[in-house]
Amino acid sequence: MARPAEFDRSEVLDKAMEVFWRTGFTATSVADLVNATSLKPGSLYSAFESKRGLFVEVIDTYAARRVNGAKELLETAEEPLSAIYEFFNNLRMDVCKDEIGRGCLMVNTMLELATEDDELRERITNYLSQVEAYLCAALTRAKELGQLEQHADPGALAAFLISNVWGLRVMSSTRTSPERYNQIINQVLTSLPVTAPMKKVS
């Protein structure tokens, strides 16, 4: 009996991620994935069952990195507003580096498949909700520290912030100028009901 092909799963996922990220789920063929990963079709199907199975694992890998990054930055920050500033400054640097306009894999997938694949929609919604929850927790701590006005609603503000994250990720597909991103993010940060001015990105 032939031994199953051995390969580095994380490396295969990274290579497949680049293909899906560039062309989307529907337009990506198995041949594209074979060329990118250097695996034979049989090995891909044996490891991931289907193109969709591979895509789901790619989404989980991508999302875990994003969510874990937000958690590490926001969940226990001693200076929650500074952490939110850093979160958006990191986002600014990320979208500014997106020279080919590929956007965010999760947001792209929602735009492509949300009406066609309920499981994927719920999966990605859950990941994005986790990021929103970390933002809400940071805003709640900021209010407790007196850094937000007492009338501030952390939940509503977190929803406002995550909606702008979505917008910026979609906008990156248009290859917007860095100056434009700076203007938008500074306007978002200025809109927070803080008790002292926040630092601006530049």
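Here the structure is a predicted model, which means the values were calculated and not measured.

**So, the packing of aromatic side chains**
Within this structure, the stated rule accounts for five aromatic pairs. Ring geometry for F20 versus F55: centroids 4.8 Å apart, planes at 70°, classification edge-to-face. Of this pair, F20 sits in helix 1 (residues 9-27) while F55 sits in helix 4 (residues 51-74), and the two are 35 residues apart along the sequence. As far as burial versus exposure is concerned, F20 and F55 are alike and both buried. Taking 5.0 Å as the distance between ring centres and 80° as the angle between the ring planes, the aromatic pair formed by W21 and Y62 counts as edge-to-face.

**A few points about the packing of helix 6 (residues 105-113) against helix 8 (residues 154-171)**
In a packed pair of helices, the relevant descriptors are the angle between the two axes and the axis-to-axis distance. The contact between helix 6 and helix 8 brings their axes to 9 Å, and the two run at 85°. The angle between helix 6 and helix 8 places the two elements in the roughly perpendicular class. Counted together, V107, M110 and L111 of helix 6 and W166, R169 and V170 of helix 8 form the full contact between these two elements. Of the residues assigned to the contact of helix 6 with helix 8, the class counts are five nonpolar, no polar and one charged.

**Let's talk about helix 6**
Looking only at helix 6, the buried set comprises L105, M106, V107, T109, M110 and L113. Buried-residue contacts for helix 6 involve helix 1, helix 4, helix 7 (118-144) and helix 8.

**Quick look at helix 5 (residues 80-96)**
With 17 residues, helix 5 ought to run about 24 Å at 1.5 Å a step, and its terminal C-alpha atoms sit 24 Å apart, in line with that. Restricting attention to buried positions, one finds in helix 5 the residues P80, L81, A83, I84, Y85, F87, F88, N89, L91, R92 and V95. On the buried face of helix 5, the contacting elements are helix 4, helix 7, helix 8 and helix 9 (178-190).

Conventions adopted
- Residues numbered from 1 in each chain as written.
- Predicted model: local features only at pLDDT ≥ 70, side-chain atom pairs only at ≥ 80, totals over all residues.
- Heavy atoms only, no water.
- Phe/Tyr/Trp six-rings, centres within 6.5 Å; stacked < 30°, edge-to-face > 60°.
- Helix = DSSP H or I, 4+ residues; strand = E, 2+ residues; numbered from the N terminus.
- Buried < 20%, exposed > 50% of the residue type's maximum accessible area, 1.4 Å probe, protein only.
- Axes fitted to C-alpha atoms, helices over the stretch in contact; angles between N-to-C directions.
- Parallel < 35°, antiparallel > 145°, perpendicular 65-115°, else oblique.
- Contact = heavy atoms within 4.5 Å.
- Nonpolar A, V, L, I, M, F, W, Y, C, P; charged D, E, K, R; others polar.
- Expected span 1.5 Å × (residues − 1).

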